[in-house]
Structure formats: C-alpha cells, structure tokens
Amino acid sequence: MYNFIYDTPTKVYFGKDEEKRIGTILKEYNPRKILIHYGMNSVIKSGLLERVKKYLDDEGLKYIELGGVKPNPELSLVRYGIELSIKEGVDFILAIGGGSVLDSAKDIANGIANPYDDVWDYSLGIKTPTKTINKGCILTISAAGSEMSNSCVITNELTHEKRGYGSPKNRMNFAILNPELTYTVSKYQTACGAVDIAMHTIERFFCPGGDTYLTDSISLSIIKSAMKAGLDSYNNPYDYAARSNMMWASSLAHNGLTQCGRTFQLTVHQLEHELSGMYPNIAHGAGLAALFPSYARYVYKSNIERWKMFSKVLFDRDIIEDAINDLEEYYIKLGMPISIKDFGVKEEDLEILAFNTSRGKTRILDGYMKLGYNEILDIFKLSYNRGSKE
C-alpha cells in the first residue's frame, strides 16, 4: 500500500429538508455578501431558488445571484463571476445545482481570492491556487461528486479545451444533500449520473497499487451499490431509498476514499474530457459510457488478476470479456450510448481527439498499460466502430 493523505473537510448535512437550515448554516461563516450561483432553469422552475433566498432573507443575509452555468461549465462565466464578486464584495459562494455549478463556483472562489491570477492557468497546471474563499453547496443532481471532491473541471469554450485540476482549495466547506431534490432530475441525467458515480471508483480500482484489500472491498461495494441505486432511480425516480444511496455513493466515490493506497489517474475521464470539449453537447456520463467498455477490452490483459476480481465480485463472471459485456448491457438498460458514433462524432476527428488527449503526442496516460497517442487513438476507434446500439 502506497503512502497517502486522506483529508475530507467538507461537512455533510444529509436527508430530507436539510436545505431549510441553509440560513443558520451560513451565519456560522459570518459572510458579508453571498454569491448564489446556479445553472439554467431547473432551480427556478422547482421553486428551490426562491425558497433558499427566503431562508437567507429570514437570517438577514445579503446576497447577489449569478445563474447560467451550462453542462461543461464555461470559463467565460467563471471570469464574469470573479469580476462581479470582487466588485460586489462577495466573500462566500453558495452553489445550488449539480457538478457543473459546483465546479464553476470553486473556480470563482479561487479567482476571487487570487485576483492577480488567471484561473485558466490552474486548469492548465501552470499555477495552483494559494488561497480561496468559503463556499458551500446544495446538491440537486447525484453525479459528479464535486460536493466532496478536490477537483474542478472547466471548459474554455473558445479553444474547446476541457481541463480539470485538483487542489485542497477546491473542497466545499459544507454540502447539503437532500435526496428528494433529485426526484425531478430527468431519466437521461439520472442515467448519466449513475455512470459517472460508478466510474469515479471503477477507474480508481484499476490504478496501480498493491496490498489494498480494505480499499478494494470499499471500492467494489460502492461500485455495486451505485449501479443498483442508479438503475433503481432510473426506473423509479421517486424511490427515496434509491435516490439516497445514489446521492451518498456520489460523495464517497469521489472524495478520495477509494484511492487510498493506490496511485491516481482517471484515464477514461481524460479521454472523455477531450470528447466533450470538442463536442460540448455530450453529457459527461454518456461520454464515459460510450468509451469505457472499449477501453476495458483494450487494456484488461495488462492486469488479468485485477480484472478477474472486478468481474467476479460485480458480475459473478469468470470470463473478463463476459463481465465487460454485462457492463455494456447495463449501460444500454440506462439508455446510454456504447459508441461515440452515437453522438455524431466524425471519423476524421478521432486523430484530433487522440492528439489533444496526448497533448500533442507528448503525454502518456499512466496505469497498468501506459497509453500514448497511438493507444489512445486505438481506443477512440474501438468505441467509434462499436456503431449504434440499435
């Protein structure tokens, strides 16, 4: 087992009606002014935004609003949010929404605290944030795990680059998790979330390391629970038990717990980031579903024993390829694509995707099998040639 640091400072308020406490929770941080950050229309249509504003009004808290976060959150809105917040004297950000909103809020918080930095330099790995401001969230979609993770993924819509960076400064001070707030999430987005949650731990499970049987047991249990809860939530959106387990799995799958003692590299996430950076209408979870089975078929011989464990525990399969087929069938049950061709990806773009993922043929994605430009291109081609699932 490799050395590791495990630090999850985010305080979680879990369960029904916990968002009603937001005013008193925020008062603990003595904010001068709060930026309420949210997405497009769902929090408005559901009435959640107005309820939250009332809870803040009841406590005499001052706030401004900034909506408009899109899936694959855009750098331009982050930069506007930083400028607006500095002008207004914001010292706390309250994100209401899913992973895209939370990541946008993290980047804005870092930009406010480091006003002379260009936050895009954090995404490019040129700089790291040295300070941040307090931030919390009310989660409305179980998927990204951003509520407890140290990661932040932003898209530069001008260059079509989607980049993530990890930093302790990205941790939320608190996260309010009420599973009932996810009842109205569409079946498609529920399915995307189910894929993303499980994939956060599936990818960690296949990171190099050894003698981590405790971490392995936790990981496999989270994957299995996430898959069941995801499918149950997809089939019955108002199943509180399913929504609860899915929401908690979202947090545990991406807060660092399931990588303790192992290295860290979410390889398929890197491929998907380039895919949805170039094709921004692709939902992250759907992109992962279209890529992972092809990736699995390409790399599993690099560590047969670990893939056997995965196959036996999760699918009761002795043959690894049967387990990969089972996982692909699971995605189909969720209405997910199993080929990037299903998104309308052009064959001539595959080389560009591989070139960008490999950072101009200079980056090797680490793991039991190291992936350079040629291997990455092979995986994109495998997924593309799976064709339509119809």
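Look above for the structure.
Now for a look at the structure at hand.

Rules used in this analysis
Residues numbered from 1 in each chain as written. Predicted model: local features only at pLDDT ≥ 70, side-chain atom pairs only at ≥ 80, totals over all residues. Heavy atoms only, no water. Helix = DSSP H or I, 4+ residues; strand = E, 2+ residues; numbered from the N terminus. Rg over C-alpha atoms; globule rule 2.2 N^0.38 Å. Buried < 20%, exposed > 50% of the residue type's maximum accessible area, 1.4 Å probe, protein only. Contact = heavy atoms within 4.5 Å. Areas by Shrake-Rupley, 256 points an atom, 1.4 Å probe, with all protein chains shown as cover. Lys, Arg positive; Asp, Glu negative; His and termini not counted. Charge placed at Lys NZ, Arg CZ, Asp CG, Glu CD. Pairing = 2+ DSSP bridges. Axes fitted to C-alpha atoms, helices over the stretch in contact; angles between N-to-C directions. Polar contact = N/O pair within 3.5 Å; in protein donor to acceptor, adjacent residues only side chain to side chain. Core = buried A, V, L, I, M, F, W, Y, C linked by side-chain atoms within 4.5 Å. Parallel < 35°, antiparallel > 145°, perpendicular 65-115°, else oblique. Left-handed = near helix turned anticlockwise from the far one by under 90°. Nonpolar A, V, L, I, M, F, W, Y, C, P; charged D, E, K, R; others polar. Salt bridge = Lys/Arg side-chain N within 4 Å of Asp/Glu carboxyl O.

Here the focus is the overall build of the chain. Regarding its fold elements, the chain presents 15 helices and eight strands. Here the C-alpha atoms of the chain give a radius of gyration of 20 Å, agreeing with the 21 Å that 2.2 N^0.38 yields for 390 residues. Considering only C-alpha atoms, the chain reaches an extent of 60 × 45 × 45 Å along its principal axes. Counting only residues that meet the buried cut, the chain has 57% of its 390 residues in that class. Sequence separation of at least 24 residues holds for 79% of the intrachain contacts in the chain that already meet a minimum separation of 6. Total accessible area on the chain stands at roughly 16,300 Å², and carbon and sulfur atoms take up 50% of it. Taking the average place of the 45 positive charges on the side chains of the chain and the average place of its 48 negative ones, the gap between the two points comes to 2 Å.

Looking now at the sheet that holds strand β1 (residues 11–14). The six strands are arranged β1-β8-β5-β4-β2-β3 in an open sheet whose pairing can be described as parallel. Of all strands in the sheet, those with a lone pairing partner are β1 and β3 (63–66), marking the two edges. Between one strand axis and the next, the sheet turns through 15 degrees on average, direction left out of account. Together, β2 (34–38) and β3 form the strand contacts of helix α4 (residues 75–88), whose direction differs from that of β3 by roughly 165 degrees.

With respect to the helices and strands, the residue Lys162 is situated in strand β7 (residues 161–166). At 2.9 Å, the side chain of Lys162 forms a polar contact with the side chain of Ser276. When residues no more than four places from it in sequence are discounted, the contact partners of Lys162 are Asn72, Val153, Ile154, Thr155, Glu272, His273, Glu274, Ser276, Gly277 and His284.

A word on the nonpolar core. The nonpolar side chains of soluble globular proteins are, as a tendency, buried together. Of all hydrophobic cores here, the largest spans 63 residues; its most connected members are Phe292, Trp307, Tyr331, Met336, Ile340 and Phe380. Formed by 32 residues, the second largest nonpolar core is a distinct cluster that contains Leu77, Tyr165, Met172 and Leu177.

Glancing now at the pairing of β2. Of all five residues in β2, five are buried, a share of seventy percent or more. Alternating positions in β2 separate into two faces, Ile34, Ile36 and Tyr38 on one and Leu35 and His37 on the other, with burial throughout. Note: β2 against strand β4 (residues 92–97), five bridges, orientation parallel. Directly across from Ile34, in β4, lies its bridge partner Phe92.

Moving on, we come to the environment of Phe14. Looking at the secondary structure, you find Phe14 in strand β1. Counting along the chain gives 56 residues from Phe14 to Lys70, while the straight-line C-alpha distance between them is 26 Å. Ignoring any residue separated from it by four or fewer positions in sequence, one finds Phe14 in contact with Leu177, Pro179, Ser244, Met247 and Trp248.

Tracing the chain through its elements places His273 in helix α10 (residues 267–278). The exposure class of His273 is buried, given its relative accessible area of 8%. The residues touching His273, leaving out its near neighbours within four places in the chain, are Val153, Lys162 and His284.

For the pair helix α8 (residues 213–235) and helix α12 (residues 304–315), the least separation of the axes is 10 Å and the interaxial angle reads 45 degrees. With respect to their mutual orientation, α8 and α12 come out oblique. At the point where α8 passes α12, the crossing takes the right-handed sense. Contact residues: Asp216, Leu220, Ile223, Lys224 and Met227 in α8; Arg306, Met309, Phe310, Val313, Leu314 and Phe315 in α12. By residue class, the composition of the contact of α8 with α12 is eight nonpolar, no polar and three charged.

Let us now look at the pattern of salt bridges. Side-chain pairs of opposite charge can arise where the charged atoms are in close proximity. Scanning all chains against the criterion turns up 25 salt bridges. The partner of Glu272 in a salt bridge is Lys162, and the shortest N-O contact between them spans 3.6 Å. Here Lys162 lies in strand β7 and Glu272 lies in helix α10, a separation of 110 residues in the sequence. A residue is classified by how much of its surface remains accessible, and Glu272, at 0% relative accessible area, is buried. Residue class for Lys162 comes out buried when judged on its relative accessible area of 4%.

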